[in-house]
Amino acid sequence: MKKMLIAAHGRLAEGLFSALALILGEKEHIGYINAFIGDTPLEKQIDDYFASVGKEDQVLVVTDAFFGSVNQKLLMKRPENSIIVTGANLPLVLELAGFLEGGEPIDEEKVKAAVSQAREQLMVADSRDVPQAQDDFDF
C-alpha cells in the first residue's frame, strides 16, 4: 500500500492534513505528525508511525524544512521503501496525494516533477497580475 506522512513543527502538519481532507475527502492512508507540541518525543512519534507501516508499504514523507529537526530525524529513521520531500506547501501536498492512487509504485521522477511545479506556486502575488474570475468556484 502507498501511504503519506506529513510531519512538521507545531500544528503545520495537521493544518495541511486538514486542508487535504477538505479538498479531497478523508484519506485513511495519509497521516501526520505534529512535532514538539505535546509530551511525546518526536523520535517516539516517528517510531510509532513506522511501526504501523508494513514492509511492503511505500511511504511518501513530506516535511516542512530541510534543515529543520523534523526532517533531520526522519532522514535518520526512514524505512528503505520511502521518499522524503521537504519544503511542504499545499499545492505540493495536493499533487503528491494524487500519487497514492492506483496500483503502480510512486515514481521518484514524478515526485521531482511535482516539487518543480510546486516551486512555481511560490511568488509575490499582486492582484493586478491575476485575471478576474468569471465563476463562483472556491478553492
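Scroll up for the structure.
Residues numbered from 1 in each chain as written. Predicted model: local features only at pLDDT ≥ 70, side-chain atom pairs only at ≥ 80, totals over all residues. Heavy atoms only, no water.

> I keep staring at the packing of helix α1 (residues 12–24) against helix α4 (residues 90–97) and nothing clicks. Help me out?
Working note: a packed helix pair is described by the angle between its axes plus the distance between those axes. In the contact formed by α1 and α4, the axes pass within 10 Å of each other and the chain directions differ by 55°. In this view, α1 runs oblique relative to α4, as classed from their interaxial angle. Between α1 and α4 the crossing geometry is right-handed. In this structure, α1 uses Leu-16, Ala-19, Leu-20, Ile-23 and Leu-24 to contact α4, whose residues at the interface are Leu-90, Val-93, Leu-94 and Ala-97. Tallied by class, residues from the contact of α1 with α4 come to nine nonpolar, no polar and no charged. (Axes fitted to C-alpha atoms, helices over the stretch in contact; angles between N-to-C directions. Helix = DSSP H or I, 4+ residues; strand = E, 2+ residues; numbered from the N terminus. Parallel < 35°, antiparallel > 145°, perpendicular 65-115°, else oblique. Left-handed = near helix turned anticlockwise from the far one by under 90°. Contact = heavy atoms within 4.5 Å. Nonpolar A, V, L, I, M, F, W, Y, C, P; charged D, E, K, R; others polar.)

> Help me understand the pattern of salt bridges, please; the structure alone is not making it clear to me.
Oppositely charged side chains can pair when the atoms bearing their charge come close. Counting across every chain of the model gives seven salt bridges. Close ionic contact of Arg-11 with Glu-14 constitutes a salt bridge, the shortest N to O distance being 3.3 Å. For Glu-14, a relative accessible area of 28% puts it in the partly exposed group. With its nearest N and O atoms 3.7 Å apart, the salt bridge here joins Glu-109 to Lys-112. One end of the pair, Glu-109, and the other, Lys-112, are both in helix α5 (residues 108–119), three residues apart, so they sit about a helical turn from each other. (Salt bridge = Lys/Arg side-chain N within 4 Å of Asp/Glu carboxyl O. Buried < 20%, exposed > 50% of the residue type's maximum accessible area, 1.4 Å probe, protein only.)

> Can you help me understand unusual backbone geometry in this one?
Note: most residues except glycine have negative phi, and most peptide bonds are trans. One non-glycine residue with positive phi stands out, namely Phe-36, at about 65°. Along the chain, Phe-36 falls in the loop between β2 (30–35) and α2 (42–51).

> So what exactly am I meant to see when it comes to the pairing of β2 here?
Within a regular strand, side chains alternate between the sheet's two faces. Burial within β2 is extensive, with five of its six residues counted as buried. Bridging between strand β1 (residues 2–9) and β2 involves six bridges; their strand directions are parallel. When the sheet's bridge partners are listed, Met-4 is paired in β2 with Ile-30. A crossover links β1 with its parallel partner β2, the connecting element being α1, and its sense is right-handed. (Pairing = 2+ DSSP bridges. Right-handed = clockwise from strand over helix to strand, strands pointing away.)

> Just to check I follow, could you spell out the nonpolar core for this structure?
Within soluble globular proteins, side chains that are nonpolar tend to cluster in buried spots. Of all hydrophobic cores here, the largest spans 25 residues; its most connected members are Met-4, Ile-6 and Leu-96. Put simply, the parts of the chain that give this core at least two residues each are β1, α1, β3 (58–63), β4 (82–86), α4 and α5. Examining the composition of this core, we find that five residues originate from one element, α4, more than from any other. Core analysis: the second largest hydrophobic core is formed by 14 residues, Ala-7, Phe-50, Val-70 and Ile-84 among them. (Core = buried A, V, L, I, M, F, W, Y, C linked by side-chain atoms within 4.5 Å.)

> Where do I start with the sheet that holds β1 in this structure?
Note on sheets: strands pair through backbone hydrogen bonds, and any given pair is parallel or antiparallel. Strands sit in the order β2-β1-β3-β4 across an open sheet of four strands; the sheet is parallel. Every other strand in the sheet has two partners, leaving β2 and β4 as the edge strands with one partner each. On average, each strand axis in the sheet is inclined to that of its neighbour by 20°, with strand direction left out of account.

> What am I meant to see in a nonpolar patch on the surface here?
Side chains of Leu-22, Ile-23 and Leu-24 sit close together on the surface and give an oily, nonpolar patch of about 290 Å² of accessible area. Along the chain, the position of Ile-23 falls in helix α1. (Patch = residues over 30% accessible without salt bridge, like charges linked within 9 Å, V, L, I, M, F, W, Y side chains within 5 Å. Areas by Shrake-Rupley, 256 points an atom, 1.4 Å probe, with all protein chains shown as cover.)

> What is the right way to read the pairing of β3 from this model?
Of all the six residues making up β3, six are buried; the element is thus mostly covered by neighbouring parts of the structure. Burial of β3 is two-sided: the residues Gln-58, Leu-60 and Val-62 facing one way and the residues Val-59, Val-61 and Thr-63 facing the other way are all buried. Note that β3 and β4 share five bridges and pair parallel. Bridging from a neighbouring strand, Thr-63 pairs with Thr-86 of β4. Between β3 and its parallel partner β4, the chain crosses via helix α3 (residues 69–77), and the hand of that crossover is right-handed.

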